[in-house]
Each structure stands twice: as structure tokens, then as C-alpha cells.
Amino acid sequence: ASLEAFSGLAASLASSRAVLATGPAKSLVALGLAATATADGRRVALLECDLATPTLAGTLGLSARPGFHEYLRGEADTERILQSLVLAGPASGRASEPLVCIVAGEPAAAPVPLLDSERSDHAIQGLCRAYDLLVIDGPPLSEDRYALQALSEHAGATVVCGERRDIPKRLPISVAGLVVCD
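Residues numbered from 1 in each chain as written. Predicted model: local features only at pLDDT ≥ 70, side-chain atom pairs only at ≥ 80, totals over all residues. Heavy atoms only, no water.

(A) Expanded view of the overall build of the chain. Secondary structure summary: the chain contains eight helices and seven strands in total. Within the chain, the fraction of its 182 residues that count as buried is 49%. Of the contacts made within the chain by residues no fewer than 6 positions apart, 71% connect residues no fewer than 24 positions apart. (Helix = DSSP H or I, 4+ residues; strand = E, 2+ residues; numbered from the N terminus. Buried < 20%, exposed > 50% of the residue type's maximum accessible area, 1.4 Å probe, protein only. Contact = heavy atoms within 4.5 Å.)

Structure below.
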């Protein structure tokens, strides 16, 4: 998918300071949305919160550790988990700053208590203050609903991503600003 494919979605979410992506295509949409907003000249952070099955580091060629998991356990500070991704070429648009990425880190066997912690809340609130947009690559819909609820409390919009046939009719969370994309 190209950055152009995400411009309509980005425009519809422009008033949100934080967006949670979940569903089968969550990581692709989170990355596309974050890259599009960065190319539009916004300061953007992409936070991977799928602590059970992290993929962002491998996808983008970033260091897998330390990540958000290590931060939540108190093993790494903020400066160590922020990684910059510079957009290049025609797709970079009006980007004046790199896309800041926070990968999940080491897989967590029990992610819910970490994501539903005061430390997680504090980190997400800080990222929302520091950046024009925070895109949260959330846990899948099949994850414990409490992890999704904890993250959706911070999001101005939740995007459920994937083919309609792969998205349950009854979502495990209730959200405001829901956008379903396929």
C-alpha cells in the first residue's frame, strides 16, 4: 500500500491526537497512517503495543530491544526506547522530522497488566503531549479486551483494520470515534 492510500484515512482522523489501530491489518494501517502524517509535516510517534507478538522492529529494520515492554518493566528509560525513522524520496513529502518509533521489545507472556498500568498511562500521556499525533499499533482483537480498553481510553479514535469478513460483528471493546477500514 502506498502513502497515498492512507491520506483519506489520515484526513478523517486529523482532529485526533492519538489513534489506536487494531484488527487483522493493524500494523500495516498504523505504519501507513504514521508515515502519512509524518509526510504531511506533523510530529508523529508510532507506539507498538502488541507486546505478545511484536513485529515492528523486524518490519522496519529497527533494534528489537529495548522497547515498550522493557520500559514498562522499569528496565529502560524513555531515551533508550525512542528510535527515529527518516522518510526519504518522493514519499517524504513535507516531513521536517523523522517518524519516532517505539517498538514493543521482548515478547511479553502477560501483556495486560503492563498495558493497564500507571506507567503505561504516563508514557502514553507524555507521548500525546510531545507529538502532534500518537499512532498506537495495538493488540489484536483476539487479545484480552482489558488491554484494548486500557489503550482505547487514550485514543481519540480507534481504527479496526482488515477485511470486513475478518472483523467480528461484536467488538470486544466499546469505543468512540470508531473507523472500520478494509
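(B) Expanded view of the pattern of salt bridges. Counting across every chain of the model gives five salt bridges. In this structure, the salt-bridge partner of Arg65 is Glu106, at a minimum N-O distance of 2.3 Å. Of this pair, Arg65 sits in the loop between α3 (56–60) and α4 (68–72) while Glu106 sits in the loop between β4 (99–102) and α6 (111–115), and the two are 41 residues apart along the sequence. Assessed through its relative accessible area of 48%, Arg65 is described here as partly exposed. A relative accessible area of 32% means that Glu106 is categorised as partly exposed. Among the charged side chains, a salt-bridge network with shared partners connects Lys26, Asp50 and Asp137. (Salt bridge = Lys/Arg side-chain N within 4 Å of Asp/Glu carboxyl O.)

(C) Structural view of the nonpolar core. In terms of nonpolar packing, the biggest core is built from 28 residues, with Leu47, Leu51, Phe68, Leu115 and Leu134 touching the most fellow members. Every element with two or more residues in this core is listed here: β1 (18–22), β2 (44–48), α4, β4, α6, α7 (118–130), β5 (133–137) and α8 (145–152). Top element by residues in this core is α7. It accounts for four residues. Discounting residues that sit within four places of it in the chain, Leu134 has contacts with Arg17, Ala18, Val19, Ala45, Leu47, Ile124, Leu127 and Cys128. Counting residues in hydrophobic clusters, the runner-up holds 21 residues, among them Ala21, Leu62, Leu99 and Leu133. (Core = buried A, V, L, I, M, F, W, Y, C linked by side-chain atoms within 4.5 Å.)

(D) Examining the confidence of the model for the chain more closely. Put simply, the chain has an average pLDDT of 83, and 79% of its residues get 70 or more. Least confident of the elements in the chain is strand β7 (residues 178–181), whose mean pLDDT is 50; most confident is α4, at 97. A low-confidence stretch, residues 175–179 stays under pLDDT 50, and its non-local contacts, those more than four residues away or across chains, total 16 contacts. (pLDDT = per-residue confidence, 0-100.)

(E) Seen up close, the side chain of Glu70. Structurally, the position occupied by Glu70 is in helix α4. No salt bridge is formed by the buried Glu70, whose closest oppositely charged neighbour, Arg65, lies at an N-O distance of 4.8 Å. (Lys, Arg positive; Asp, Glu negative; His and termini not counted.)

(F) Region of interest: the packing of aromatic side chains. According to the stated counting rule, one finds one aromatic pair in the structure shown. Ring geometry for Phe68 versus Tyr71: centroids 6.1 Å apart, planes at 5°, classification stacked. Here Phe68 pairs with Tyr71, and both are found in helix α4, just three residues apart, close to one helical turn. As far as burial versus exposure is concerned, Phe68 and Tyr71 are alike and both buried. Lying across the ring of Tyr71, Arg119 places its NZ or CZ 4.0 Å from the centre. (Phe/Tyr/Trp six-rings, centres within 6.5 Å; stacked < 30°, edge-to-face > 60°. Lys NZ or Arg CZ within 6 Å of the ring centre and 35° of its normal.)

(G) Quick look at unusual backbone geometry. Arg65 connects to Pro66 through a cis peptide bond whose omega is -5°. Examined against the element boundaries, Pro66 turns out to sit in the loop between α3 and α4.

(H) Seen up close, the pairing of β2. Buried residues dominate β2, accounting for five of its five residues. Burial of β2 is two-sided: the residues Val44, Leu46 and Glu48 facing one way and the residues Ala45 and Leu47 facing the other way are all buried. Sheet topology note: the β2/β5 ladder contains five bridges and is parallel. Following the sheet pairing, Val44 is matched in β5 by Leu133. Relative to β4, β2 runs parallel, the two sharing three bridges. Paired with Leu47 across the bridge in β4 is Ile102. (Pairing = 2+ DSSP bridges.)

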